Amino acid sequence: MTPAPLLMLLLAAGPAPVPVATPEPAARLPELEAAARAAHERRDFAAFLARTEEALQLRPDSPRLLYNRACGLALTGQQARALAALADLADRQLDFDVQAEPDFAALRPLPGWADVEARFAALRQPRGRAVTVLRLPPGPWLIEGLAHDPRSGRFFASSVRQRRVLLLSSSAGATQVDDFVPRGRDGLLSPLALRADPVRRRLWVTSAALPEGEGFEAGQAGRAELLAFDLDDGRLLQRLPVPGPGDHNLNDLELDPRGGLYLSDAASGQLWRLAPGAGALTQLVPAGRLRSPQGLALSADGQALYVADYANGLFRLELATGSLEPVAAPETLVLAGIDGLLREGDALVAVQNGIRPHRVVRLALAADGRRVSAAEVLAMGLPDLDEPTLAVLAGGQLYVVARSQWTQLGGGHGPPPGDLPPAVVVALRKP
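Note on numbering: residues in each chain are counted from 1, in written sequence order. Thresholds applied to this predicted model are a pLDDT of at least 70 for local features of residues and 80 or more for the giving and counting of side-chain atom pairs; totals over whole chains, interfaces and linings are not thresholded and use all residues. For side-chain calculations, the full set of non-hydrogen atoms in the structure is used, while hydrogens and water are omitted.

A. How the structure looks around helix α5 (residues 79–91). Relative to the 18 Å expected for 13 residues at 1.5 Å per residue, α5 spans 18 Å between its end C-alpha atoms, a close match to the ideal helical length. Type-normalised accessible area, obtained with a 1.4 Å probe on protein chains alone, sets the label of each residue: buried when under 20%, exposed when over 50%, and partly exposed for intermediate values. Under the DSSP-based scheme used, a helix requires at least four consecutive residues in state H or I and a strand at least two consecutive residues in state E, with every element numbered from the N terminus. Among the residues making up α5, those that are buried are A82, L83, A85, L86, A87, L89 and A90. Those residues of α5 that are buried lie in contact with α4 (63–75) and α6 (113–123). Two residues or fewer after α5 comes Q93, characterised by a positive phi angle close to 60 degrees. Helix span, expected: 1.5 Å multiplied by one less than the number of residues in the helix. The contact definition used throughout considers only heavy atoms, calling two residues in contact when any of these lie within 4.5 Å.

B. Summary view of the pattern of salt bridges. Here a salt bridge means any side-chain nitrogen of Lys or Arg lying within 4 Å of a carboxyl oxygen belonging to Asp or Glu. One pass over the structure, following the stated rule, counts 28 salt bridges. Two residues, R51 and E54, come together in a salt bridge whose shortest N-O distance is 2.7 Å. A residue pair is termed a helical-turn pair when its members lie 3 or 4 positions apart in one helix, as R51 and E54 do in helix α3 (residues 45–58) at three residues. Using a relative accessible area of 26% as the deciding quantity, one classes R51 as partly exposed. Among the residues examined, E54 registers a relative accessible area of 30% and is labelled partly exposed. The closest approach of N and O atoms between D197 and R200, which form a salt bridge, is 3.0 Å. Its relative accessible area of 2% is what places D197 among the buried residues. Overall, the relative accessible area of 34% leaves R200 in the partly exposed class.

C. Expanded view of empty space enclosed by the protein. The way it works is a 1 Å grid over only the protein atoms, where trapped points that fit a 1.4 Å probe form a cavity and open points with protein on both sides within 12 Å along at least five of seven lines form a pocket, and then any residue with an atom within 4 Å of a point lines it. Grid points are joined across faces, edges and corners, and a volume is the space filled by probe spheres set on the points. The tally for this structure, following the rule as stated, stands at two cavities of 30 Å³ or more. Within this model, the largest cavity holds a volume of roughly 60 Å³. Every residue lining the largest cavity is listed: R163, L189, S190, A208, A209, L210, G213, E214, G215, F216, E217 and Q220. Gly falls in the polar group here, along with every residue not listed as nonpolar (Ala, Val, Leu, Ile, Met, Phe, Trp, Tyr, Cys, Pro) or charged (Asp, Glu, Lys, Arg). For the lining of the largest cavity, a count of residues per class yields five nonpolar, four polar and three charged.

D. Inspection of the sheet that holds strand β7 (residues 202–208) at higher detail. For two strands to be treated as a pair, DSSP must find at least two bridges joining them. Read from one edge to the other, the open sheet built from four strands follows the order β6-β7-β8-β9, with strand pairing classed as antiparallel. The open sheet terminates on both sides in strands that have one partner only, identified here as β6 (190–197) and β9 (236–241). Across the sheet, the mean angle separating the axes of adjacent strands is 20 degrees when strand polarity is ignored. Where β6 meets β7, six bridges bridge the pair, whose relative direction is antiparallel. The residue bridging A196 from the neighbouring strand is L203, located in β7. To obtain an axis, a line is fitted to C-alpha atoms, over the contacting stretch when the element is a helix, and the angle between two such axes runs from 0 to 180 degrees between their N-to-C directions.

Written as structure tokens, this is what we have:
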């Protein structure tokens, strides 16, 4: 392998537990991945493939394991099966830089290789229609969350980098940026998810100490809190820290009709609940049942909460019983890598930035809400769709943070590149 190959990046991405009902395999999976990595490093490719196949028994839908299996097949001389495995990845609309992968050297002279390359290239063609509605001025913003107040018509955005909550508007084609919560006011850390409650006139903001934020102090790492601001004048109304020890990162939230909140904690794997009018967060799902919960969406009847686990796909939490089960999906539909999640009628809209190409998809649900019956790509491969994050519905229109700047600024708070592309919000048009 060449230095920093794609294979190693995939293997190093971290362990990913399997569904809640089977905790023992979750502990076994990192052992298998480590064994596969060690076998590849010592060039024992048969053992590498065997350990990868074992891991796939636990996570048959894992993009990185499917890719590693293709590598193992190629390295053990099973060229036809390797080409078929790559074709399967293309069927799942998963793009990998196969041209740069040294493990596929033996495949490139084969007649079927050109077709494989063409299929991956086709995935990079633009799909869907989007109109850029907000293009922020040049600078390091690092936009994560988006919210809309239907009464005032105002849009809010969170700047992780500048530790500000922004008011965004457009006039004569130019985007105007004003402060709703100025830089670091009220001890604001890096704001992430936003949710407007137009009835109770509150803007809910999740905030975490992140190295991407200006003024980050290492001693604050792992700190997270929920804040409520007056939706009209921006006054701080409530501050709720995450209780308990350990690292926390409240990265998304969902509002229920009564004014209560559900929150995902990507660092600890927990889900939290804020009951209407309550003064403290309570634990809804303990650590260990989810790997990295992200987007949340209440079911249409309010009886269940859909949870996007970044590593493991989509789950459904029955609020009355606490039962947490994976949502079934067609074999070729990949539900890993979902960041933003929201409900649109009886369907879910998912923003996926953990797989490539980045995309926004609408997921039609079966009548019982436990299975994805069909998926429609709303946007994929569009020029401005670079590390999309969260989305909001406003006036029946879907708005998405399409270019967040996480690609350029994620991982630290050093100087931004001189050619930093602007942060962009788009409106997706229906086909």
